[in-house]
Structure formats: structure tokens, C-alpha cells
Amino acid sequence: MVEHVRETVDVGGCAIEVLRGGSGPGLVFLHGAGGASDWAPYMDGLAGRFALTVPSHPGFGRSDTPDWLDSMSDLAYFYLDAFEALGLDGVHVVGNSLGGWLACEIAVRSTRSMRSLTLVGAAGIPVDGVPMGDLFLWSPEDRVRNLYCDQSLAEARLALSPGEEEADIALKNYFTTSRLAWNPRFCNPDLPKWLHRIRVPTMIVWGAEDRIFPPAYGEAYAALIPGSELRIVPECGHLPHQEKTDAFLDAVGTIAEEAA
């Protein structure tokens, strides 16, 4: 396991938890609705090549929940400040699901601090005629099962018994996700109009069996972001970085090389 640290950083009066590890070019991973409070195998893979930073968004994990947090727009502007506070300049940005949406909201405002962008099963845009899965209507078990193509991974996750702190964090993450993505569901209807403003090399990674945002959402992103590359990962659900880690790492490495 790559050596890593957990620290708390104050950004404009909001304390956020940050995981850091590895060396090399800077890379920021923006997590999805489930949070990212613990060091995971895909983080180890990224940290083997990059100086990895994984912040827990305001309202998630052990980070503060500020009164001003009402929308994804708030979160995007917060991260423009956070990149500066964390000394992140010229970094590769990777975002999964809610974090992919967040990465796009940041990028359409400014890519000054970004070297490349990788979207992994990203939320954020509507696609006519292709309904998304509804995390808010599924049972807790269905939410887990629908994340994966390989149900053995779902079974392993369902078999875990979270401690009190983990259970509290999961509930906190769910409430903040509801606050940000309840209505409209996991999208900003205006975002497609501005995706042409993303002017850094962009990789789009999608599970072929994604039950939350089917591959048509990845195709829509690829059509809207100039020069972007789309990779559909076979036999993979909503979390390629967990379910097909090697394919995920290869995609991130490819776009990083192109950006260099």
C-alpha cells in the first residue's frame, strides 16, 4: 500500500477532510454520493503514478456541512477556492458519478488549474428518452446491487457491518446528496449548454452495464465535450474504478500522457 496521510484543511472557514498519497504529477479524485473517507485500492493504483489528493466534499465524510451549501454551483465555486488553498495547480481531475458532475461544473467555470479531466459514470446531464436509475427510490440493498455488474462485489459489500461512525457518515452522505441532487434528479438542465467550454483533454469512462446512468449518458457527454474520448468498459457497472480498476487506471494514464 502506498504511504498516505489523512488531514483536515480549512478552506474559507469550511474544514474538509483530505487524503493524500503518492508522487508524480498532481491528480485530484472527486468522489460520488457514497463518499471517500477511507483509502481504497483504486486510490493506491492512482497514487502509484500520481501525487493523489482525495478531498471529502463539504457535507460528506468528516468534512464540515456549511450553511451555505445549497447546490452543485455552490460546491463548484468552493472547489475553485479549494484548489488554490490546497496548492493544486495544473492537476489531472477525475470525478465519478456526483463527482463527475461536480468536475464538469468546475470546468465550465474555469479550467485554469486543470491539466486533464476524466469523467467516470458521471451524473449531471439529462438524456431524452433514456431514464436514469433513481437512487432515492431504491431500497438500500437495491442501491448496492445496482452499482455493480459483478454481484459478488455487491454481496461482499452487503455483508459488511458498518460501525456507528461509518453508519453516521453514510447517513450524512445520503442527506447531502439529497440536498444537491433531489430536484432535478442528478442533473443540471443548463449544463449541456456550457460543456463546450471544457478545453482540456477529456476522457469519459463508462460501464457497459451501468444501471444508474446507462452508456447513452456517456455518449451524450462525448458529443458535448469537444475532442473528448469515450471508453465503454465491458461487464462493468457504475463504478469502473472499483469493478474494473485496471481499465480505469489505463484510461486515466492515457489522458494524462496526452495532456503532457
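Residues numbered from 1 in each chain as written. Predicted model: local features only at pLDDT ≥ 70, side-chain atom pairs only at ≥ 80, totals over all residues. Heavy atoms only, no water.

**Some details on the sheet that holds strand S4 (residues 51-55)**
As summarised here, the arrangement of the 8 strands in space is S1-S2-S4-S3-S5-S6-S7-S8, forming an open sheet in which the pairing is mixed. The strands lining the two open edges of the sheet, one partner per strand, are strand S1 (4-11) and strand S8 (229-233). Mean inter-strand twist for the sheet, computed between neighbouring axes without regard to direction, equals 20°. Here 6 bridges tie strand S5 (residues 91-96) to strand S6 (residues 114-120), and the two strands are oriented parallel to one another. Pairing of glycine 95 across the sheet is with leucine 119, part of S6. Lying on the sheet, helix H9 (residues 245-259) is in contact with strand S3 (26-30), S5, S6, strand S7 (202-207) and S8; it crosses S6 at an angle near 155°. (Pairing = 2+ DSSP bridges. Helix = DSSP H or I, 4+ residues; strand = E, 2+ residues; numbered from the N terminus. Axes fitted to C-alpha atoms, helices over the stretch in contact; angles between N-to-C directions. Contact = heavy atoms within 4.5 Å.)

**Here we look at unusual backbone geometry**
Residue asparagine 183 is joined to proline 184 through a cis peptide bond whose omega torsion reads 0°. Examined against the element boundaries, proline 184 turns out to sit in the loop between helix H6 (164-181) and S7. Of note in the backbone geometry, phenylalanine 186 takes a positive phi value of approximately 50° without being a glycine. In this fold, phenylalanine 186 is placed in the loop between H6 and S7. According to the relative accessible area criterion, phenylalanine 186 is buried, its value standing at 3%. The phi dihedral of glutamate 235 falls on the positive side, at around 50°, and the residue is not glycine. (Buried < 20%, exposed > 50% of the residue type's maximum accessible area, 1.4 Å probe, protein only.)

**Brief notes about H6**
Along its 18 residues, H6 runs 26 Å from first to last C-alpha, staying within 8% of the 26 Å computed at 1.5 Å per residue. Those residues of H6 that sit buried are Ile169, Asn173, Thr176, Thr177, Ser178, Leu180 and Ala181. Against the buried residues of H6 lie helix H2 (72-85) and helix H3 (98-109). (Expected span 1.5 Å × (residues − 1).)

**Considerations on the side chain of serine 97**
Assignment of secondary structure puts serine 97 in the loop between S5 and H3. Side chain to side chain, serine 97 and histidine 238 meet in a polar contact 2.8 Å long. Setting aside its immediate chain neighbours within four residues, serine 97 contacts Gly32, Val120, Gly121, Ala122, Ala123, Phe213 and His238. (Polar contact = N/O pair within 3.5 Å; in protein donor to acceptor, adjacent residues only side chain to side chain.)

**Quick look at the packing of aromatic side chains**
The geometry of an aromatic ring pair is captured by two quantities: the separation of the ring centres and the angle between the planes. Scanning all chains against the criterion turns up 12 aromatic pairs. For the ring pair phenylalanine 78 and tyrosine 79, a centre distance of 5.5 Å and an interplane angle of 85° mean the geometry is edge-to-face. The class for phenylalanine 78 is buried, based on a relative accessible area of 5%. Look at tyrosine 79 and you get buried, because its relative accessible area is 0%. Taken together through their ring pairs, the aromatic side chains of Phe136, Tyr174, Phe175, Trp182, Phe186, Phe213 and Tyr217 make up a single cluster. One residue, arginine 109, lies across the ring of tyrosine 77, its end atom 4.8 Å from the ring centre. Against the face of tryptophan 182 rests arginine 185, its NZ or CZ located 4.2 Å from the ring centre. (Phe/Tyr/Trp six-rings, centres within 6.5 Å; stacked < 30°, edge-to-face > 60°. Lys NZ or Arg CZ within 6 Å of the ring centre and 35° of its normal.)

Everything listed here is a matter of coordinates, which is why it stays silent on function.
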